[in-house]
Amino acid sequence: MSVLDDINAGVREDMEARQRLVSLAELKDRVAAVASARDAWAALGGDSARDQLKVIAEIKRSSPSKGALATIGDPASLARQYADGGAAVISVLTEQRRFHGSLADLDTVRAAVDVPLLRKDFMIDEYQFWEARAHGADLVLLIVASLSDAQLRDYAALSHELGMNVLVETHTPEEVERAAAAGARIIGVNVRNLKTLNVDRSVFADLVAAIPAGALVVGESGVRDVDDVRHYAAHGANAVLVGEALVKNATPQERIAEFMAAGAEEIAARS
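Small disclaimer: the values here were computed from a predicted structure and weren't measured.

1. So, the packing of aromatic side chains
Counting across every chain of the model gives three aromatic pairs. Ring centres of phenylalanine 99 and phenylalanine 122 lie 6.0 Å apart, and the angle between their planes is 35°; this geometry places the pair in the tilted category. Residue phenylalanine 99 is found in the loop between β4 (89-93) and α5 (103-112), and its partner phenylalanine 122 is found in the loop between β5 (117-120) and α6 (126-134); the two are separated by 23 residues along the sequence. Relative accessible area serves as the criterion here: at 10%, phenylalanine 99 is assigned to the buried category. Exposure remark for phenylalanine 122: the relative accessible area of 10% places this residue in the buried category. Above the face of the tryptophan 41 ring, arginine 185 is positioned so that its terminal group lies 3.8 Å from the ring centre.

Here is the structure:
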């Protein structure tokens, strides 16, 4: 069993436990009562001029590759720092076992900031999409490696029906092709190998070259400093998703501003 398979098995088990407490029908009632989703596509550049690099700032306590990263006792305070620093979207890990996240974190952050939120999790069942919207998510993650082509299409369609955008995560040329065939408009290139968990930033440029024009490109994993941000921006990223480099930094607000400035310089240079 791969790392991804193992994570997905745990995600399903935890989801089924939540489903015994809150039915899908109850979730649908909750969704009907929440405010409309914010437009993550527009926040990330959308159809407007893309002369800036956007930052998706992640609230992340732990990871399978690095273990514990930060305690984050007050996710609301961290989210406000991210928003004040100019983050276009805030990503909230809700996976429990490997990342020590929760839907409670998503609720807390939703109450604290007005920027679009990404529910960062391993989305493998319809229930989770209703759950995401009920807890205030505006954007959800679809990992191509976890889903069939039919699931990619169906879950993207459901997300859009609920008013949410989707970030479609890819790791290989074949996955980029599948994401494009499914009509993905926000495509993430994750340079972390899901089998070994190693990071290889050099694959980014090759994968981006296969992404259709007009799609938003998100660089995922491996952002340590401004040099990494410059690398992604120089090779076509419209946004970067950053977790560890922010949660382990004493001044994440300033760090985001630095990343955005460095990215904007590279985008201007390639124009």
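On we go.
2. Regarding the environment of glutamate 58
Mapped onto the elements, glutamate 58 comes out in strand β1 (residues 54-59). According to the relative accessible area criterion, glutamate 58 is buried, its value standing at 1%. For the pair formed by glutamate 58 and leucine 139, sequence separation is 81 residues and the distance between their alpha carbons is 13 Å. Those residues in contact with glutamate 58 that sit more than four places away from it in its chain are Tyr82, Ser91, Leu93, Lys120, Leu241, Val242, Gly243, Leu246 and Val247. One polar contact links glutamate 58 to serine 91, side chain to side chain, over a distance of 2.6 Å.

3. Focus: the nonpolar core
In terms of nonpolar packing, the biggest core is built from 89 residues, with Tyr82, Ile90 and Leu142 touching the most fellow members. In this structure isoleucine 90 touches Ala57, Ile59, Ala79, Tyr82, Ala83, Val109, Val113, Val115, Pro116, Leu117 and Leu118, once residues within four positions along its chain are discounted.

4. Some thoughts on helix α4 (residues 75-85)
Side chains of residues three or four places apart in an α-helix project in the same direction, reflecting 3.6 residues per turn. Taken as a whole, α4 has its buried residues at Pro75, Ala76, Leu78, Ala79, Tyr82 and Gly85. Considering only its buried residues, α4 is in contact with β1, β4, α5, α11 (244-247) and α12 (252-270). Once α4 ends, the next one or two residues include glycine 86, with phi positive near 105°.

What counts, and where the lines are drawn
Residues numbered from 1 in each chain as written. Predicted model: local features only at pLDDT ≥ 70, side-chain atom pairs only at ≥ 80, totals over all residues. Heavy atoms only, no water. Phe/Tyr/Trp six-rings, centres within 6.5 Å; stacked < 30°, edge-to-face > 60°. Helix = DSSP H or I, 4+ residues; strand = E, 2+ residues; numbered from the N terminus. Buried < 20%, exposed > 50% of the residue type's maximum accessible area, 1.4 Å probe, protein only. Lys NZ or Arg CZ within 6 Å of the ring centre and 35° of its normal. Contact = heavy atoms within 4.5 Å. Polar contact = N/O pair within 3.5 Å; in protein donor to acceptor, adjacent residues only side chain to side chain. Core = buried A, V, L, I, M, F, W, Y, C linked by side-chain atoms within 4.5 Å.

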